[in-house]
Amino acid sequence: MFSSYLCVHNGSGQFVENVSVKADLQTSTQTIPLSGNSGETKNLPPDATVDEVIHHEVKEIGTHILVCEVTYTPITLGASPQSFRKYYKLQVVKPLDVKTKFYNAESDEVYLEAQIQNLTAGPICLEKVSLESSHLFSVSTLNTNEKGESIYGSVNVLDTDCSRQYLYCLKPQLTLLRDPKMMHNATNIGKLDIVWRSNLGERGRLQTSQLQRMAPEYGDLRVTIKDIPLKVYLEQSLTFNCRIINTSERSMDLMLCLDSSNSIAWCGISTTKIGTLKPGVSIDIPLCLIALHSGIVTISGLKLEDIFLKRTYDYDDLAQIFVSQND
């Protein structure tokens, strides 16, 4: 908030009339009228003043020029109106630096990390940091404890040059999940809304522009793993679903091939014909494997072959599971 006290003082020994004060704030893009006394005239005796306090919520950074113009008429025979201007230049710098990172999860959820740094000369108190998601997603904050309280406490004081990290989870609406093409094009995430107070209690607010994520690149086919159990034991069978989605613009006649490795052994038929999969359509294939090593094991060795084009798609990093020893 830009605040200024304007004072016009009659330092002469003459009585002046029709005193008018006008104040404008010029930026690189616009001129903003600030003075509430614009157009209002007053008579001003010697040693008297015209006072006014002006306020403006600053929404641009860069050079600002406060232009003050005073018009008056001396009370002398045949006097004509007089005027003068004063210019006051000021620099508006960013109060906060906001950096964002996105992570596109295999579950179609999007995780947003926002880092907020205080660039002002003194400490500030962050009253509100929220993400207003677009209509394509629903948002949940990961910055509270089990009681719903902020992890930074009720009074979140941020010193100069210090930072805070905030994490949000965005889940796509059902309409996106039904259409892979819409999911791919859903790049608008939402806006961050930040409200703070300075050490003197002055309120500040910053709202970012629409945040954009990089659209995930799935290629012609997207393969995800569903319904993996939380507990996986060594040398015991593990059953789950493999979802295959045709994200291309054409129908595909698919063959599923499974290759075992030193870490896992696939159970069942190694080569299965899936059939024709139309664009945008998905199919769930039940699969079974046995983990041969304990620790973190990567599910790999799955191949899809497009019979018509004789093109093979390899998936050697479908998911990672933690395999424990038998009880």
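This structure is a prediction, so every number in the text was calculated from the model and none was measured.

Draft legend 1. Structural view of a negative patch on the surface. On the surface, Glu106, Asp314, Asp316 and Asp317 cluster together into a patch of negative charge. The exposure class assigned to Asp316 is exposed, which follows from its relative accessible area of 52%.

Draft legend 2. The arrangement of the sheet that holds strand β22 (residues 271-277) in detail. Read from one edge of the open sheet, four strands run β22-β20-β25-β26, paired in antiparallel fashion. Each edge of the open sheet carries a strand with a single partner, namely β22 and β26 (311-315). Geometrically, the sheet is characterised by an average inter-axis angle of 20 degrees between neighbouring strands, direction not taken into account. Of the strand pairs in this sheet, strand β20 (residues 252-258) and strand β25 (residues 302-306) are connected by five bridges, and their pairing is antiparallel. Residue pairing in the sheet places Met255 in a bridge with Glu305 of β25.

Draft legend 3. View of the nonpolar core. Ile244, Leu287, Leu302 and Leu304 are the most contacted members of the largest nonpolar core, which totals 31 residues. In contact with Leu304, other than residues within four places in its own chain, are Leu221, Val223, Ile244, Met255, Leu256, Ile274, Arg311, Thr312, Tyr313 and Tyr315. Formed by 22 residues, the second largest nonpolar core is a distinct cluster that contains Ile116, Val129, Tyr166 and Tyr168.

Draft legend 4. Up close: the environment of Asp317. Position of Asp317 relative to the elements: it lies in the loop between β26 and β27 (319-324). Separated by 83 residues in the primary sequence, Asp317 and Leu234 place their C-alpha atoms 20 Å from one another. In this structure, Asp317 is in contact with Thr298 and Ile299, ignoring residues within four places of it in sequence.

Draft legend 5. Seen up close, the pattern of salt bridges. As enumerated under the stated definition, the model contains eleven salt bridges in all. The partner of Lys128 in a salt bridge is Asp193, and the shortest N-O contact between them spans 3.2 Å. In this pair, Lys128 sits in strand β10 (residues 124-133) while Asp193 sits in strand β14 (residues 188-198), placing the two residues 65 residues apart along the sequence. We classify Asp193 as buried; its relative accessible area is 2%. For Lys303, the salt bridge is made with Asp259, and the minimal N-O distance between the two is 3.4 Å. With Lys303 in strand β25 and Asp259 in the loop between β20 and β21 (264-267), the pair connects residues that are 44 residues apart, well separated along the chain. Since its relative accessible area comes to 31%, Lys303 is described here as partly exposed. A relative accessible area of 35% means that Asp259 is categorised as partly exposed. Residues joined by salt bridges that share partners form a network here, namely Lys128, Asp193 and Arg205.

Draft legend 6. Highlighting the packing of aromatic side chains. Under the counting rule described, the total for this entry stands at three aromatic pairs. When the centroid spacing of 6.5 Å and the interplanar angle of 65 degrees are considered together, the rings of Tyr72 and Phe84 count as edge-to-face. Separated by twelve residues along the polypeptide, Tyr72 in strand β6 (residues 62-74) and Phe84 in strand β7 (residues 82-92) bring together distant segments of the chain. Using a relative accessible area of 37% as the deciding quantity, one classes Phe84 as partly exposed. When the ring centre of Tyr152 is taken as origin, the NZ or CZ atom of Arg164, which lies over that ring, is 4.7 Å away.

Draft legend 7. Representation of the side chain of Asn156. Relative to the helices and strands, Asn156 resides in the loop between β11 (137-141) and β12 (157-158). Among the residues examined, Asn156 registers a relative accessible area of 4% and is labelled buried. Of note is the side chain of Asn156, whose polar atom sits 2.9 Å from the side chain of Arg164.

Draft legend 8. Inspection of the state of the cysteines at higher detail. In the structure shown here, the tally under the stated rule is zero disulfides. You can see Cys125 has no disulfide; the closest cysteine sulfur is in Cys162, sitting 14 Å from it. On the basis of relative accessible area, Cys125 is assigned to the partly exposed category, the value being 22%. Looking at Cys288, it has no disulfide partner, and the nearest cysteine sulfur is the one in Cys267, 4.0 Å off. Of the residues examined, Cys288 reaches a relative accessible area of 18% and is grouped as buried.

Draft legend 9. Fine view of the layout of surface pockets. Looking at the largest pocket, its volume works out to about 1,100 Å³. Lining the largest pocket are 30 residues, and of these Met1, Val58, Pro95, Trp196 and Gly204 sit closest to its centre. Per-element accounting of the lining of the largest pocket gives the leading share, five residues, to strand β15 (residues 203-207). Residues that form the lining of the largest pocket fall into these classes: 16 nonpolar, seven polar and seven charged.

Draft legend 10. Inspection of the environment of Thr49 at higher detail. Assignment of secondary structure puts Thr49 in strand β5 (residues 49-56). Counting along the chain gives 39 residues from Thr49 to Asn10, while the straight-line C-alpha distance between them is 6.3 Å. Residues contacting Thr49, with those up to four places away along its chain left out, are Cys7, Val8, His9 and Leu44. Here Asp51 takes part through its side chain, which lies 2.9 Å from a polar atom of the side chain of Thr49.

Reading guide: rules and limits
Residues numbered from 1 in each chain as written. Predicted model: local features only at pLDDT ≥ 70, side-chain atom pairs only at ≥ 80, totals over all residues. Heavy atoms only, no water. Patch = residues over 30% accessible without salt bridge, like charges linked within 9 Å, V, L, I, M, F, W, Y side chains within 5 Å. Areas by Shrake-Rupley, 256 points an atom, 1.4 Å probe, with all protein chains shown as cover. Salt bridge = Lys/Arg side-chain N within 4 Å of Asp/Glu carboxyl O. Lys, Arg positive; Asp, Glu negative; His and termini not counted. Charge placed at Lys NZ, Arg CZ, Asp CG, Glu CD. Buried < 20%, exposed > 50% of the residue type's maximum accessible area, 1.4 Å probe, protein only. Pairing = 2+ DSSP bridges. Helix = DSSP H or I, 4+ residues; strand = E, 2+ residues; numbered from the N terminus. Axes fitted to C-alpha atoms, helices over the stretch in contact; angles between N-to-C directions. Core = buried A, V, L, I, M, F, W, Y, C linked by side-chain atoms within 4.5 Å. Contact = heavy atoms within 4.5 Å. Phe/Tyr/Trp six-rings, centres within 6.5 Å; stacked < 30°, edge-to-face > 60°. Lys NZ or Arg CZ within 6 Å of the ring centre and 35° of its normal. Polar contact = N/O pair within 3.5 Å; in protein donor to acceptor, adjacent residues only side chain to side chain. Disulfide = S-S within 2.5 Å. 1 Å grid on protein atoms, 1.4 Å probe; cavity = no way out; pocket = protein on both sides within 12 Å on 5 of 7 lines; lining within 4 Å. Points joined across faces, edges and corners; volume = space filled by probe spheres on them. Nonpolar A, V, L, I, M, F, W, Y, C, P; charged D, E, K, R; others polar.

Note that every value here comes from positions in space, so none of it alone points to a role or purpose.
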